[in-house]
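# Fold and geometry: a report
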Amino acid sequence: MNSTVLQPTTTTHASHPSTFFPDFKHCKTKQHLTQLHAKLIKTGRIRDPLAAAELIRFCALSNPPHQDLQYALQVFDQMPQPNCFSFNTLIRAFSDSNDPLQSLFLFTHMTQYDDVLVKPNKYTFPSVLKACAKLGCLKQGKQVHGLLLKYGLDNDGFVLSNLVRMYVMCGAFNDAVVAFDLSKMSDVMGEVVLWNVMVDGYVRVGDVGNARKMFDEMPQRSVVSWNSMISGYAQHGLFVEALELFREMQRECSVAPNYVTLVSVLPAVSRLGALEIGRWVHFYAGRNGVKVDSVLGSALIDMYSKCGSIDEAVQLFDSLLEKNVITWNSIINGLAIHGRADEALCYFEKMQESGISPSDVTYISVLTACSHAGLVDKGLSIFNKMVQTDGLTPRIEHYGCMVDLLGRAGRLQEAEELMLKMLDEPDDVVLKALLGACKKHGNIEIGERVAKRLLEKDPEDGAPYVALSNMYASLADWDGVMDTRLMMRQNEAKKDPGCSWIEVNGAIHEFVVADESHAKTNYIYMMLDEIKEKLRLVGYKPDTSQVHLRMDDRDKESALQHHSEKIAVAFGLISTTRETTIRVVKNLRICDDCHSTIKLVSRLYRRRIVVRDRKRFHHFENGSCSCMDYW
DNA sequence: ATAGGGTTAG
């Protein structure tokens, strides 16, 4: 036994024999811990409840390399009279672990004693309630609620906030509201945490409106209040609101954004493609000592790639010291949506070399990369590797990629066969991928079949009608066009309105088709006329084949000319200097005519233009596009 | 001694 290590603690505690126990903080290895434990047993000091408690505390609450819950439990079981402190320690440790049921066992054990020594106290209940919350055990949770009333602990902020949270997590939101309202009566008010739990609770049940109401009403707001609300907006697709609240937080200055704030706001920045704000977030982290670890790093990489700056994403990725599977997924997906398939595959290899196994999400991104680059055989072999080598079961998302991959490459029959072969019923995403491929390759036979299936599922979704109508139009089958449009009207189907937006000086400007609401509308339309004239001079003829209304060519041309992405590009041209890359985001896929037009604009105006559509990026430069017209 | 907020995906 290594007595030199024990020496210092022996002398330190010599004057307090009753509380004497070795200092576990200096414990470096498991072996060392066992030695200390053995010494305690040998000297009989293990019978000192304080010494045993300290040992349990060390085993249970240390960080991973030292934590050993089973060991802690063994020591506990050997205590002749476990004290309240040890019970609490273990209950807490297990409620934080992946075995929270153990907390409930211990708590039951503890309440069976019910003597003066081991009566549960205000330190016991938060953890027990947390365990119930994790397990979703409402019945047990209610029993615990009864007990905490019995012990008169319903005036403690820690207990109450966990009680409310337990009800939220168990899906009993009404009970949570009742518990919260009762808590307001007692004088734990001013407890920010209690309000935060409610804000988070409303977010979890999807009621962002009431979450905001709580947020506005609460007497004080901590950084967590802001974070909950910002991430609540972002998680429910209210990206503009998320960014606005983030700005308000900075304006108000009462609390500073922290690590979690940045991680929470970045998905909203990504979705909106707001590169300037995203760069600012990155800069803020650097200036305020917020550590860019694998989590924040992943969010930043995703932000850079979704904001069109894939080079910055790669640069950040390569400089990151800490990478987890999500970090790798973020960069691979970024490269995939930018059409840089070779690099995506290269990072996929590097990921495995670095010892991180691909997850099912990784495969979605890798297959997307193959799909956007037309690497059909590569995609097929990767799909096989996923199943055979990595033993992953393909999900509907993977089939979606494969159907897209085959269909886009024109192998429509194989795509349809694969779709019918999968176990799950094809959902609308798979069907739409196949329908899109049919439209691209003019396969009306499979197209009709797929559209019919989609319409059976949801006759009010306009997308299948539009695709069908387009296909008929390109075959000049005007009866088909009429019938489809009639059917669409009868079913009151609606199509998603297309819109595009662009960030200029940190502000987002949004446009719909033929938009005239912008303050600079006159200048925008002058620019559009100028573009039209320049294009005419170089001999460009608008591609009206996608306009499926029967109207004369002049009207078709004007309908095309006012597509939202063209308006956004025109606005970009008049609002930024020539060196600035114009970055436009569109909610739907870009149309053929806009694609051709923007290619020419990039040459005629010597501008780099980046357009993100629903599925991928198009980098336009000097008359050509990075997608090589394959999308 | 204790509580509340976070990243990737067809």
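Residues numbered from 1 in each chain as written. Chains lettered and ligands numbered in written order. Predicted model: local features only at pLDDT ≥ 70, side-chain atom pairs only at ≥ 80, totals over all residues.

Taking an unreviewed UniProt entry as the reference, chain A is identified by name as Putative pentatricopeptide repeat (PPR) superfamily protein belonging to Helianthus annuus. Recorded in UniProt for chain A, the comment headed Sequence similarities (unreviewed entry) runs: "Belongs to the PPR family. PCMP-H subfamily." (UniProt positions renumbered as here; feature names shortened; annotations may be inferred.)

## Notes on the overall build of chain A
Summing up its helical and strand segments, chain A has 32 helices and 6 strands in all. Principal-axis analysis of the C-alpha atoms gives chain A an extent of 100 × 55 × 50 Å. A burial count over chain A gives 44% of its 631 residues as buried. Sequence-distant contacts in chain A: of pairs separated by 6 or more residues, those separated by 24 or more amount to 62%. (Helix = DSSP H or I, 4+ residues; strand = E, 2+ residues; numbered from the N terminus. Buried ≥ 20, exposed ≤ 12 C-beta atoms within 10 Å, placed from the backbone. Contact = placed C-beta atoms within 7 Å.)

## Considerations on the protein's contact with DNA strand B
The immediate surroundings of DNA strand B are formed by 54 residues, with V193, S298, N329, G400 and V429 found nearest. Among the elements that make up the surface near DNA strand B, the one with the highest residue count is helix α13 (residues 223–235) (7 residues). Here the residues of the surface near DNA strand B are counted per class, giving 24 nonpolar, 21 polar and 9 charged. (Near = placed C-beta within 6 Å. Nonpolar A, V, L, I, M, F, W, Y, C, P; charged D, E, K, R; others polar.)

## Concerning the UniProt feature "repeat: PPR" (unreviewed entry) in chain A
Feature annotation in UniProt assigns "repeat: PPR" (unreviewed entry) to the following positions: residues 191–221, 222–252, 293–323, 324–358 and 359–394. Helix makes up 74% of residues 191–221 and strand 0%, whereas the separation of the span's terminal C-alpha atoms amounts to 10 Å. In residues 293–323, helix accounts for 74% and strand for 0%; the two terminal C-alpha atoms are 8 Å from one another.

## Remarks on unusual backbone geometry
Most peptide bonds adopt trans geometry, and most residues besides glycine take a negative phi value. The backbone of A476 shows a phi angle near 55°, a positive value even though the residue is not glycine. Along the chain, A476 falls in the loop between α27 (462–474) and α28 (478–490). Taking the number of C-beta atoms within 10 Å as the measure of exposure, A476 has 9 and is therefore exposed. For D629, which is not glycine, the phi dihedral falls at a positive 60°. Overall, D629 belongs to the exposed group, with 11 C-beta atoms counted inside 10 Å.

## Quick word on the environment of V205
By the secondary structure assignment, V205 is in the loop between α11 (192–204) and α12 (208–217). In the structure, V205 is positioned 32 residues away from F173 in sequence and 7.9 Å away in space, judged by C-alpha atoms.

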